[in-house]
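# Summary of the model geometry
If you want the building blocks of each chain, they are given just below.
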Amino acid sequence: MNIEYIKEKRKGEIADIISRYPADRKKSALLPLLHIAQEENGWLPVDAMDEVADILDIKPIEVYEVASFYTMFHLKPIGKYVLEVCRTGPCCNVGAEELIHYLEDKLGVAVGETTADGLFTIKPVECLAACGTGPVLQIGPEYHYHENLTREKLDQLIDELRRAN
Amino acid sequence: MGKKILLEHINVPGINTLEVYRKMGGYESVRKAVNEMTPDAIVEEVKKSGLRGRGGAGFPTGMKWSFLDKSTDKPRYLVCNADESEPGTFKDRYLMQRIPHALIEGMITSSYALGARTSYIYVRGEMMPVIRILEKAIKEAYAAGLLGKNILGSSYSLDLYVQPGGGAYICGEETALLESLEGKRGNPRNKPPFPAVWGLYGCPTVVNNVETIADIPWIVNHGGDAYAAIGVGKSTGTKLISACGNINKPGVYEIELGITVEDFIYSDEYCGGIANGRELKAVVAGGSSVPILPKNLILTTANNEKRLMTYESLSDGGFATGTMLGSGGFIVFDEQQCIVRNLWNFSRFYHHESCGQCSPCREGTGWMEKVLHRIEYGHGKMEDIDLLVSIAKNIEGKTICPLGEAAAWPVASAIRHFRAEFEAHVQNPDSCCKKHLHRELVHSH
Ligand SMILES: Cc1cc2nc3c(=O)[nH]c(=O)nc-3n(C[C@H](O)[C@H](O)[C@H](O)COP(=O)(O)O)c2cc1C
Ligand code: SF4
Ligand code: FES
């Protein structure tokens, strides 16, 4: 497995982030650096987390316990595009649940699973602060909001992503 | 049209840029603050304004600011809570996305008032697009001398940074947020000590909501008395309400506190009435954590007075017949919505989001979810309904942070006002939610 290391590749950015906190509080950079490591790898392999621990002079366990607490971090390999669909009440009341089932049927996988070609994982998430324009979906690492989702919009989005590969 | 403080210029093209924002009078409060006012004078104006925290609890902002421990020579911090994750709430995201400089101006003026030299805006990680917008706006502000060393030529200097979260509702709780900002799991702290004494890095800290901070420039520009003249009683000023659900016009509205709930739901200026010609069934008025009220009680109080959009009127009658203004997340349910299913969904949410530190919350939220699941899916027993009430009661007041209550109140209130619907699910599961029985919504974990 190829790990994308960030220490050199994103050097300037990392230095800039660390400069935001008092010198003895470098650990504050942990979440921002985990986002960068995940952006490079698509998920967070142990070696990538160990590198973050090394950059911040903290123990690897301090990184693992944080990475596993927050829902945005993927600790296992995952599809290239993680389709994060809001499943919270207000979105369900305007059709999110039906759309999640539509997506499952369309891609032939259940939520939490990845398509055989490795392209898509369906991941239900909680309220994305877009309840007035639900149903809503995001795809990392940009996390653009796709709002007022319909079956047609989903079809189009999936087609575009497939074509890009 | 009511008075607009935050959204007056929302539709001006280019209002997201520094140039247009300044043309519309933006950053005047920074000029006035650093050149003409002492920090204490600003705190006084905020006290006079009667502004109450817009994050949910409604605590008076001026009072919170005056608690900030100035007896030590440790640095002081202002941290903006932009974690907005309470289901039904989407006002802060809207504001930051459309008028990022409104928050940045508020951060500068407020930081000056509090004597902070470094401030952070903690934005939930899912809002990466908003983070990029804020970072761009901050860059513009630095370039214009509004941030950094010697702001506008004064002796005041400030650095402002955006911090991304990692996805966790609990990080909206202010001490969990501070833990998260320190690079840890988002476990709420025991209080006291409060952040005003022991906050970020053990230093005196104020945590305020996005909307609260964005209100400060207007108060500095026009004075606390002018702000207090808007609204009624102890509900002064305007409030952003994010309205969603089965209404004709979902969206973010700035209201003068004091309009009637009826007007808010039915007038064309706001929600525009119930969608698809249906009837109103119930409302969750302040984000998923506050008690749900049926149509009659959301429109009028138990004393038959028109219910107003104010902190006091919405809570009139206590939890027996009232609710809370909360975060302003206004969720409307039409006659076809199933209360049991919605409650199960919210319980699933709270169970998923419990940080797990205290057993009443960790175990209680899981148990409530399980019981609601079996009622919703046709396997409930009559005793389950009272069981839910008693689990909810055993969480309340017994936890480190208010997430426990946030999970308990919706359950207690839904059963209080819609018990018949729960009974119907037990007695005749096919009557209401049959369409859901054959296929479950994705499971929790
Ligand atoms: C579980 C939980 C979640 C919360 N989420 C938020 C939030 O997303 N945004 C927010 O401003 N306040 C949230 N709060 C309230 C904060 O703890 C705090 O009261 C608020 O940020 C203070 O700012 P204010 O006085 O300006 O309202 C939450 C509280 C709890 C208990
Ligand atoms: S009440 Fe729940 S969320 Fe809050 S500290 Fe306890 S377990 Fe964590
Ligand atoms: S419930 Fe889906 S964005 Fe809020």
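Residue numbering note: each chain is counted from 1, following its sequence as written. The lettering of chains begins at A and the numbering of ligands begins at 1, in the order of writing. Selection of residues for local features in this predicted model requires a pLDDT of at least 70, selection of side-chain atom pairs for listing and counting requires 80 or more, and totals for whole chains, interfaces and linings are taken over all residues. With hydrogens and water excluded, all non-hydrogen atoms of the structure serve as input to the side-chain values.

### Comments concerning the nonpolar core
The nonpolar core is taken to be a set of buried Ala, Val, Leu, Ile, Met, Phe, Trp, Tyr and Cys residues, with the residues joined through side-chain atoms within 4.5 Å. We call a residue buried when its accessible area falls under 20% of the maximum for its residue type, exposed when it is over 50%, and partly exposed in between, using a 1.4 Å probe and counting protein chains only. The biggest cluster of nonpolar side chains holds 158 residues, and the ones touching the most others in it are Leu34(A) and Phe422(B). A helix here means a DSSP run of H or I that spans at least four residues, while a strand means a run of E at least two residues long, and both kinds are numbered starting from the N terminus. At ten residues, helix α18 (residues 403-427) of chain B tops the list of elements feeding residues into this core. If you count residues domain by domain, this core takes at least three from each of domain 1 (3-69) and domain 2 (81-163) of chain A. In what follows, a contact means two residues having at least one pair of non-hydrogen atoms within 4.5 Å. Apart from residues no more than four positions distant in its own chain, Phe422(B) is found in contact with Ile339(B), Val340(B), Leu343(B), Leu372(B), Ile375(B), Ile385(B), Ala414(B) and Ile415(B). Residues Phe264(B), Leu293(B), Met309(B) and Leu325(B) belong to the second largest nonpolar core, which totals 26 residues. Boundaries of every domain are those given by an automatic assignment or by a domain database.

### Here we look at helix α3 (residues 39-49) of chain B
All names here are of chain B. All of the buried residues along α3 are Ile 42, Val 43, Glu 45, Val 46 and Ser 49. Within α3, the buried residues cover an arc of 160° as seen down the axis, which keeps them to one side. Note on α3: the residue one or two positions beyond its end, Gly 50, has a positive phi of about 75°. Note: the arc covers the axis-to-C-beta directions of the helix.

### What to know about the site of ligand 2
In the vicinity of ligand 2 there are 13 residues, among which Cys355(B), Cys358(B), Cys361(B), Thr399(B) and Cys401(B) approach most closely. Ten residue types, Ala, Val, Leu, Ile, Met, Phe, Trp, Tyr, Cys and Pro, are classed as nonpolar, four, Asp, Glu, Lys and Arg, as charged, and the remainder, Gly among them, as polar. Class assignment of the residues belonging to the shell around ligand 2 gives a composition of eight nonpolar, five polar and no charged. Here, proximity means that at least one heavy atom of the residue falls within 4 Å of the molecule or strand.

### Quick look at the domain arrangement of chain A
Taken domain by domain, chain A consists of domain 1 (3-69) and domain 2 (81-163). A straight line from the C-alpha centre of domain 1 of chain A to that of domain 2 of chain A covers 28 Å.

### What about a nonpolar patch on the surface?
All names here are of chain B. The grouping of Phe 59, Met 63 and Phe 67 at the surface amounts to a nonpolar patch, some 290 Å² of accessible area in total. Relative to the helices and strands, Met 63 resides in helix α4 (residues 61-66). According to the relative accessible area criterion, Met 63 is partly exposed, its value standing at 38%. Patch definition: residues above 30% relative accessible area lacking any salt bridge, with like charges linked at up to 9 Å and the nonpolar side chains Val, Leu, Ile, Met, Phe, Trp and Tyr linked at up to 5 Å. Note on areas: Shrake-Rupley with a 1.4 Å probe; residue coverage comes only from the protein chains shown. Any carboxyl oxygen of Asp or Glu within 4 Å of a side-chain nitrogen of Lys or Arg constitutes a salt bridge here.

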